[in-house]
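Given next are the chains, with one letter for each unit.
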Amino acid sequence: MKIFIDTANLEEIRQAVDMGILDGVTTNPTLMSKEKGAFKDILKEICRLVPGSVSAEVVAVDAPGMIREGRELAKIADNITIKIPTIPEGLKAIRALSAEGIWVNATLIFNPMQGLLVAKAGATYASPFVGRLDDICHVGMDLIEQLITIYANYDVKTQVLVASVRSTQHVIEAAMMGAHVCTMPYKVLMQLMKHPLTDSGLKQFLADWEKVNKG
Ligand code: G3P
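From a predicted model like this one, the values you see are computed outputs, not experimental measurements.

Engineer: Quick rundown of the packing of helix α8 (residues 140-153) against helix α9 (residues 168-177)? Include the residues and the values.
Structural biologist: Contact pair α8 / α9: the axes reach a minimum separation of 10 Å and the direction vectors enclose 15 degrees. Here α8 lies roughly parallel to α9, going by the angle between them. Judged by the twist between their axes, the crossing of α8 over α9 is right-handed. Residues M141, I144, E145 and I148 of α8 form the contact with α9, whose own contacting residues are H170, E173, A174 and M177. Each residue belonging to the contact of α8 with α9 can be placed in one class, and the counts come to five nonpolar, one polar and two charged.

Engineer: Tell me what's going on with the nonpolar core, and back it up with residues and numbers.
Structural biologist: In terms of nonpolar packing, the biggest core is built from 58 residues, with I80, I84 and V162 touching the most fellow members. Beyond its immediate stretch of four places on either side in the chain, I84 contacts V58, M66, G90, A93, I94, L97, V104, N105, A106 and T107. F4, F129, L161 and V181 belong to the second-largest nonpolar core, a separate cluster that totals six residues.

Engineer: Got a sec to walk through the side chain of K83? Specific residues and values, please.
Structural biologist: By the element assignment, K83 lies in strand β4 (residues 80-85). Setting aside its immediate chain neighbours within four residues, K83 contacts T26, T27, N28, S55, A56, E57, V58, N105 and T107.

About the cut-offs
- Residues numbered from 1 in each chain as written.
- Predicted model: local features only at pLDDT ≥ 70, side-chain atom pairs only at ≥ 80, totals over all residues.
- Heavy atoms only, no water.
- Axes fitted to C-alpha atoms, helices over the stretch in contact; angles between N-to-C directions.
- Helix = DSSP H or I, 4+ residues; strand = E, 2+ residues; numbered from the N terminus.
- Parallel < 35°, antiparallel > 145°, perpendicular 65-115°, else oblique.
- Left-handed = near helix turned anticlockwise from the far one by under 90°.
- Contact = heavy atoms within 4.5 Å.
- Nonpolar A, V, L, I, M, F, W, Y, C, P; charged D, E, K, R; others polar.
- Core = buried A, V, L, I, M, F, W, Y, C linked by side-chain atoms within 4.5 Å.
- Buried < 20%, exposed > 50% of the residue type's maximum accessible area, 1.4 Å probe, protein only.

Below is the structure:
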């Protein structure tokens, strides 16, 4: 499973790159609004730091506007992926941009048929939002299972990108289900590496090493 980080914060991205496990980045207008600086400069720097897919979201809601914005954003770097909302106008934009060879991430997916339609339109990634479904008393991960099954039934090439991840449990389940990609906040990424037995075990090893006759 590819690991993406869901942030536009350069420091968090640098940390994740240095750990050597980062496959890509997802951003959205909300994440962008938390950072200082021109958003295109931030995206350029993210694309320089991360060799994999970097999602940048359009804000137009009509197909011609999305296509125009998508083409502009795609000029920033070869690894830009255009994030398009899963609405009827979005399908037209996904079709047009993907036909031009631009990677597209269909965002704000909340039901499996939205996932099938964006795949038919040619999306590179489909992003179901699991945390936001959990928020309204659904089981977000059920949607991941449904999408993986549907894509496998028809040998669909679109990758399931698990988004709106809130916990390590989401990540574990995504990997168990065989999701192609999971994007997560920096905090969740760091929690994946945490175990109290690792910390106490290391502490003990270091304490015992002090007793070793090093001469
Ligand atoms: O990148 C989109 C998605 O991951 C947003 O997550 O936590 O705002 O639902 P959240």
